[in-house]
Amino acid sequence: MLGAASNQPPIRRANPGRSPRLHELAPRLQMQTFATKDLYRGKPALDPAEIFVRQEIEPAVTCIASLVGSHDPYCLCAAGSDRAPRLYKTGIGEHVSIGAIISLTTYFILMIGIGIYAYRKSTATSADYILGGRNLPPAVAALSAGASDMSGWLLLGLPGALYAAGLVEAWIGIGLFLGALVNWIVVAPRLREQTERYDNALTIPAFLANRFPSRGVMLRMVSAVIIVVFFAVYTASGLVAGGKLFQSAFDGSYQFGVWLTLGVVLAYTVVGGFLAVSLTDFCQGLIMMLALIIMPAIVLYSGKGAGFAQVRETLSGVEGFSLDLWTPDMTLIGFISLLAWGLGYFGQPHIIVRFMAVKSVAAVATARNIGMAWMGIALTGAVGVGIFGRAYVERNGVVIEDSETIFIYLADNLFPGLITGFFLAALLAAIMSTVSSQLLVSSSSLAEDFYKLVLNRGASEKTLVAIGRISVVAVGAVAALIAGDPESEVLDLVANAWAGFGAAFGPLVILSLTWPRMNGAGAVAGLVVGAATVGLWIFTGLKAATGVYEIIPGFVLAWLAIVVVSLATKDRGEFRSTISAPAE
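These remarks concern the structure in this document.

Reading the values: rules and limits
For every chain, the first residue of the written sequence is number 1, and numbering continues from 1 along that sequence. Given that the model is predicted, a residue must reach a pLDDT of at least 70 before its local features are reported, and side-chain atom pairs must reach 80 or more before they are shown or counted; all residues, however, enter totals for whole chains, interfaces and linings. Values shown for side chains rest on all heavy atoms present in the structure; no hydrogens or waters enter the calculation. Excluding any residue in a salt bridge, patches collect residues exceeding 30% relative accessible area, merging like charges within 9 Å and nonpolar Val, Leu, Ile, Met, Phe, Trp and Tyr side chains within 5 Å. Using a 1.4 Å probe, accessible areas were evaluated by the Shrake-Rupley method; residue-level cover was limited to the displayed protein chains. Think of a salt bridge as a Lys or Arg side-chain nitrogen and an Asp or Glu carboxyl oxygen that are within 4 Å of each other. Strands here are runs of E lasting at least two residues and helices are runs of H or I lasting at least four, both read from the DSSP assignment and numbered beginning at the N terminus. Throughout this description, buried means an accessible area under 20% of the type-specific maximum (1.4 Å probe, protein chains only), exposed means over 50%, and partly exposed covers the range between. By the counting scheme adopted, Arg and Lys are positive, Glu and Asp are negative, and His together with the chain ends is not counted. Counting of polar contacts relies on pairs of N or O atoms within 3.5 Å, with two restrictions inside protein: one atom must be capable of donating a hydrogen and the other of accepting it, and residues adjacent in sequence are counted only when both atoms are side-chain atoms. Contacts are residue-level and defined by heavy atoms, with any inter-residue pair within 4.5 Å sufficient. Pairing of aromatic rings covers Phe, Tyr and the six-membered ring of Trp, with a centre-to-centre limit of 6.5 Å; geometry is then stacked below 30 degrees between planes, edge-to-face above 60, and tilted otherwise. Put simply, a charge is over a ring when the Lys NZ or the Arg CZ is close to the ring centre, within 6 Å, and near the line of the ring normal, within 35 degrees.

1. Topic: a nonpolar patch on the surface
Side chains of I98, I101, I102, F250, L418 and I419 sit close together on the surface and give an oily, nonpolar patch of about 510 Å² of accessible area. At the level of elements, helix 2 (98-121) and helix 15 (417-455) are the ones that each hand at least two residues to the nonpolar patch. No other element matches helix 2, which puts three residues into the nonpolar patch. Looking at the element boundaries, I101 is found in helix 2.

Next comes the structure, spelled out in structure tokens:
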């Protein structure tokens, strides 16, 4: 058990058959952030388990309520011991303060208010509803892209990995930072310009169809189906996280938590469209960043803390933990696989669609600088939560069984109710920013790439906006039904989708923007080969046998397929060098 002292007595589980609550939130929040962003380099994910915390307390007989927030207590007796085990509940359920409720209520009201503002500002046309009229300020586009990407992984998954093993787990954050930077430099300005050049495409499938008209219908339909199906499942896993958070924080109904989370998201997404989603993402990104600045700064000096030197001194002798970025057990394959997470950025529709909405190509550079500064601060803060949190529990005689809940533990035990509520709002912000983005991208594909293409080519702008709103509700309802069973096997599809999207769409997007010779046949080949390689790599056991993250072979082979097939087939002159008038 991580951090356990050898002289501590064993802990007896309280009611081990009871279903866990808040600690399940961490794996679900990770899972909803594309492929769990597994930081354990091929090791099995930590099983959901009750979290027990030991702390130095006065010798006494202590009866403590069960972790999962039940009203019937389970007792652990430790009379006459210098170090008695204490069972903490990481859920806040039975002692939610008025301050926490005020913080969360204020957050919900703010989100809905933004939706109303966006409705009055920009929902008249489908371009307004789907892309905010391509008029996002750089700061809004930057933080919207960052918040919708990172989600709960930033607050739970990354700090948990660093808590468990040390700085060696920071490499995935470094890889993601580099991938995001290249995405802003290579993809963002070109996608912003070319989606207008190719008949003012409002979705990624529409852009691919307009860029490669020889295979346009096939590309548009296949990519739209992939986006809608997988994002419906992604949304479901986000709603699971919302339900778990409500269940634990308020000792309430899981199902009610799912529908409450969805209801608030729908309230601003249906009403305000892309502008509402982007503005709420901006606010949510600020909340997440502030949480990741405040928490490590406080933890560093809390509970006998005395700054960086003491952190190093405390952690230097912890078995299985290292403050070095490179450890003897790190392999070259493992190192490359960690960095390769950054390849996934190029193919994530809900991220790159923000590039299409920046108010001008010239503004992309400003957005990039803001976005990368936000990401750097947020990742550094997450590293601080994991490392400083581990030092805190070590110097205070605490044991946390599930490392991914270190953020929740610190929020619950070190801060007053109003601030604890703020940190809960940060977790909700992480969930909702991703859920709303996925819902809108899915509904946009249903309205533009299915309804308009197949059912009603002459649909008016008013009709398309209405269909978009209906689609948001429909996808959300399907996602909530899937989330009704948090153990559903369907949710396991999320586990490999970051790699699937990255390999299938990444090379396709990059080369379609940068290589004029690419043609429709090459585009189809890249889409199929990338997705198939990821699937085969996982399900044939090659991932387990080689230790190579599936996005690496998928991305490389998809790139090669595009190049080889495009060169082997006729150049149809599909690349446009000038902006065309939008199609009627």
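2. Regarding the side chain of R211
Looking at the secondary structure, you find R211 in helix 7 (residues 204-211). Among buried charged residues, R211 stands out as having no salt bridge; its nearest opposite-charge side chain is E574, 5.1 Å away. Within the structure, R211 has its side chain in polar contact with the backbone oxygen of S512 (distance 2.9 Å). Discounting residues that sit within four places of it in the chain, R211 has contacts with Y198, S512, W515, P516, M518, E574 and F575.

3. Some words on unusual backbone geometry
Even without a glycine there, the phi angle at R134 is positive, about 50°. Along the chain, R134 falls in the loop between helix 3 (126-131) and helix 4 (138-150). Among the residues examined, R134 registers a relative accessible area of 7% and is labelled buried. A positive phi angle, near 50°, is found at N200, a position not held by glycine. Along the polypeptide, N200 turns up in the loop between helix 6 (171-197) and helix 7.

4. What about the packing of aromatic side chains?
Across all of its chains, the model carries 18 aromatic pairs by this definition. Taking 6.3 Å as the distance between ring centres and 50° as the angle between the ring planes, the aromatic pair formed by F346 and F555 counts as tilted. Here F555 lies in helix 20 (residues 551-568) and F346 lies in the loop between helix 11 (332-339) and helix 12 (349-357), a separation of 209 residues in the sequence. Pair check on accessibility: F346 and F555 agree, each one buried. Through pairs of rings, three or more aromatic residues link up here, namely F231, Y234, F501 and F505. In this structure, R390 is placed above the aromatic ring of Y163, and the distance from its NZ or CZ to the ring centre is 5.0 Å.

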